[in-house]
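Read off the chains here:
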Amino acid sequence: MTEVQTILNKYPEGRDNLIPILQDIQNKKGFLSKESIIEVGQHLKIPTSKIFGVATFYNQFRFEPFGKYHIQICRGTACHVLGSSTVLQEVEKTLKTKAGQTTRDGMFSIEVVACIGACGLAPVITVNGEFHAKVTAQSIKEIIEEYKVKEEETCLQNN
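Residues numbered from 1 in each chain as written. Predicted model: local features only at pLDDT ≥ 70, side-chain atom pairs only at ≥ 80, totals over all residues. Heavy atoms only, no water.

Caption draft 1: Representation of the overall build of the protein in the model. In terms of helices and strands, the protein carries seven helices and four strands. Starting at the N terminus, the α and β elements of the protein follow one another as α-α-α-α-β-α-α-β-β-β-α. Viewed in the frame of its principal axes, the protein has a C-alpha envelope of about 50 × 45 × 25 Å. Burial statistics for the protein: of 159 residues in total, 40% are counted as buried. Partitioning the intrachain contacts of the protein with sequence separation of at least 6 by distance along the chain shows that 60% fall at a separation of at least 24. For the protein, the exposed surface amounts to about 9400 Å²; the carbon and sulfur share of it is 52%. Taking the average place of the 18 positive charges on the side chains of the protein and the average place of its 18 negative ones, the gap between the two points comes to 5 Å. (Helix = DSSP H or I, 4+ residues; strand = E, 2+ residues; numbered from the N terminus. Buried < 20%, exposed > 50% of the residue type's maximum accessible area, 1.4 Å probe, protein only. Contact = heavy atoms within 4.5 Å. Areas by Shrake-Rupley, 256 points an atom, 1.4 Å probe, with all protein chains shown as cover. Lys, Arg positive; Asp, Glu negative; His and termini not counted. Charge placed at Lys NZ, Arg CZ, Asp CG, Glu CD.)

If you want it as structure tokens, here you go:
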């Protein structure tokens with residue numbers, strides 16, 4: 001029995017359970033895969049296109065896993081005023097991927113968030129929950145490079 005089937009067995013058929021099921025799957029797996037959406041459709045007897053339509057309506061649902069290093073970029077008022085749009089552009093340029101996506105190697109993902117709650121440190125990003133304050137276009141390159149080096153060191157230690 002798959003993780004998705006275990007979740008589905010907790011819910012009876014019916015459209016009323018769609019969002020709680022999708023939330024449970026995402027909480028367990030980290031994202032909604034194509035396969036999990038198909039399983040939900042079969043269980044609830046709802047076309048997958050309808051499920052995908054509901055899931056894309058809500059920005060809480062993801063359709064690909066986070067990278068090993070998940071970068072959250074604050075776009076709250078203080079961060080916006082102090083240049084978080086430039087920071088976001090630099091992150092996307094450096095990683096060659098857009099907000100809401102994961103790099104091809106699965107190493108980094110980018111998420112724009114409304115507010116991290118560290119306005120006095122603006123502009124702020126987090127990487128796997130670790131705060132980086134007063135980031136600039138230049139410092140973002142250095143931060144990303146630190147995580148790349150950290151990953152290389154980890155790989156060398158494991159080999």
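Here the narrative resumes.
Caption draft 2: Local environment of the layout of surface pockets. In this structure, the largest pocket occupies an estimated 190 Å³ of space. Residue lining of the largest pocket: Gln 26, Asn 59, Gln 60, Arg 62, Phe 66, Ala 99, Gly 100, Ile 110, Glu 111 and Val 112, and that is the complete set. Broken down by element, the residue count for the lining of the largest pocket peaks at three residues, all from strand E2 (residues 108–113). (1 Å grid on protein atoms, 1.4 Å probe; cavity = no way out; pocket = protein on both sides within 12 Å on 5 of 7 lines; lining within 4 Å. Points joined across faces, edges and corners; volume = space filled by probe spheres on them.)

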